[in-house]
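# Structural characterization, general
Residue strings, one per chain:
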Amino acid sequence: MTVHFVGSGPGAADLLTLRAVNLLREVPVVLYAGTYLDAETLSHCRDDAELIDTQHLDLDEITAHLVDAHRRGLDAVRLCSGDPSLYSALTEQTRRLDAAGVPWNVTPGVPAYAAAAAALGTELTVPELVQTVVLTRTQARSTAMPDTEALARVAGLRASLVLHLAITRIRVLAEELTVEYGADCPVAVVAFASRPNQIVLRGTLADIADSVEAAGLKHTAVIVVGRALGVREQPDVACSHLYDPARERHGLG
């Protein structure tokens, strides 16, 4: 039997992939994090599915449920918020499954940063302005960050920066990022992206912390920093080479 790690997307039940929905309709055991996933998402599951909320379980306990399903001859889905490639503990879980001889695979999901960008109506890469997107987090009461990925070093790229798991430190982070980006740099915070209770806050590094604190945001929010935000209002933005009418179209037509 197989354990399927499935990206559940940013929260909206209709943003799961077709593959994810088909797995939920077929697989009899589903592990999910109740902190992030709601009843509408779980409505895709088969009526007789064994649903296990993992929000109060540690990694060994979660693995034990997956191994138990395998030994009972049952496939299992491990629902991951967003996409399993980011902050999902996929490596730790699959290492344990390998040791137990349990096969597994991965189904990608819509990542939170993509849902946030969609809510903002924003492309994070803009010709001749920014062509790099950095997805990262910061350290508070969590796993230590590598020294080479200190926020000050990452900010030096002046790329479009997406911060996960960082909303409670917004004031300190805004001050730190101001050194490289400037106090007037646009910032957006998207909480509960794609859900009915979605919240979008816009501002600059100088004032975004005030807005976040006034809104009382504590978790499930993505912070986006960079000059790509609001660039539609700038008429002198360069055209992408791919769509530039002056581009030589050798071999096309």
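Residues numbered from 1 in each chain as written. Predicted model: local features only at pLDDT ≥ 70, side-chain atom pairs only at ≥ 80, totals over all residues. Heavy atoms only, no water.

## Some words on the domain arrangement of the chain
Taken as a whole, the chain is organised into domain 1 (3–107) and domain 2 (112–233). Between the C-alpha centres of domain 1 and domain 2 there is a distance of 28 Å. Contacts between the two partners involve seven residues from domain 1, matched on the other side by twelve residues from domain 2. Between domain 1 and domain 2, the buried area comes to about 810 Å², and carbon and sulfur atoms account for 62% of it. When the area that domain 1 buries against domain 2 is broken down by residue, the three leading residues are Pro 10, Tyr 36 and Tyr 87, summing to 62%. (Domains from an automatic or database assignment. Contact = heavy atoms within 4.5 Å. Buried area = accessible area lost by both parts, 1.4 Å probe.)

## As for the packing of helix α3 (residues 59–71) against helix α4 (residues 90–100)
In the contact formed by α3 and α4, the axes pass within 10 Å of each other and the chain directions differ by 45°. Our classification of the angle between α3 and α4 gives oblique. Considering the relative orientation of α3 and α4, their crossing is right-handed. Contact with α3, carried on its side by Leu 59, Asp 60, Ile 62, Thr 63, Leu 66 and Val 67, involves Glu 92, Gln 93, Arg 96, Leu 97 and Ala 100 of α4 and no other residues of that element. (Axes fitted to C-alpha atoms, helices over the stretch in contact; angles between N-to-C directions. Helix = DSSP H or I, 4+ residues; strand = E, 2+ residues; numbered from the N terminus. Parallel < 35°, antiparallel > 145°, perpendicular 65-115°, else oblique. Left-handed = near helix turned anticlockwise from the far one by under 90°.)

## Some remarks on the nonpolar core
With 32 residues, the main nonpolar core has Leu 161, Leu 177, Val 189, Ile 223 and Val 225 as its most contacted residues. Broken down by secondary-structure element, the contributors of at least two residues to this core are α6 (151–155), β7 (160–164), α7 (170–181), β8 (186–191), α8 (208–215) and β10 (221–225). With five residues, the single largest contributor to this core is α7. Counting residues in each nonpolar core, the second largest holds 15 residues, with Val 6, Val 21, Leu 24 and Ala 49 among its members. (Core = buried A, V, L, I, M, F, W, Y, C linked by side-chain atoms within 4.5 Å. Buried < 20%, exposed > 50% of the residue type's maximum accessible area, 1.4 Å probe, protein only.)

## Observations regarding unusual backbone geometry
The backbone of Arg 158 shows a phi angle near 55°, a positive value even though the residue is not glycine. In this fold, Arg 158 is placed in the loop between α6 and β7. Since its relative accessible area comes to 52%, Arg 158 is described here as exposed. Even without being a glycine, Leu 165 presents a positive backbone phi close to 55°. With respect to the helices and strands, Leu 165 occurs in the loop between β7 and α7. Since its relative accessible area comes to 58%, Leu 165 is described here as exposed.

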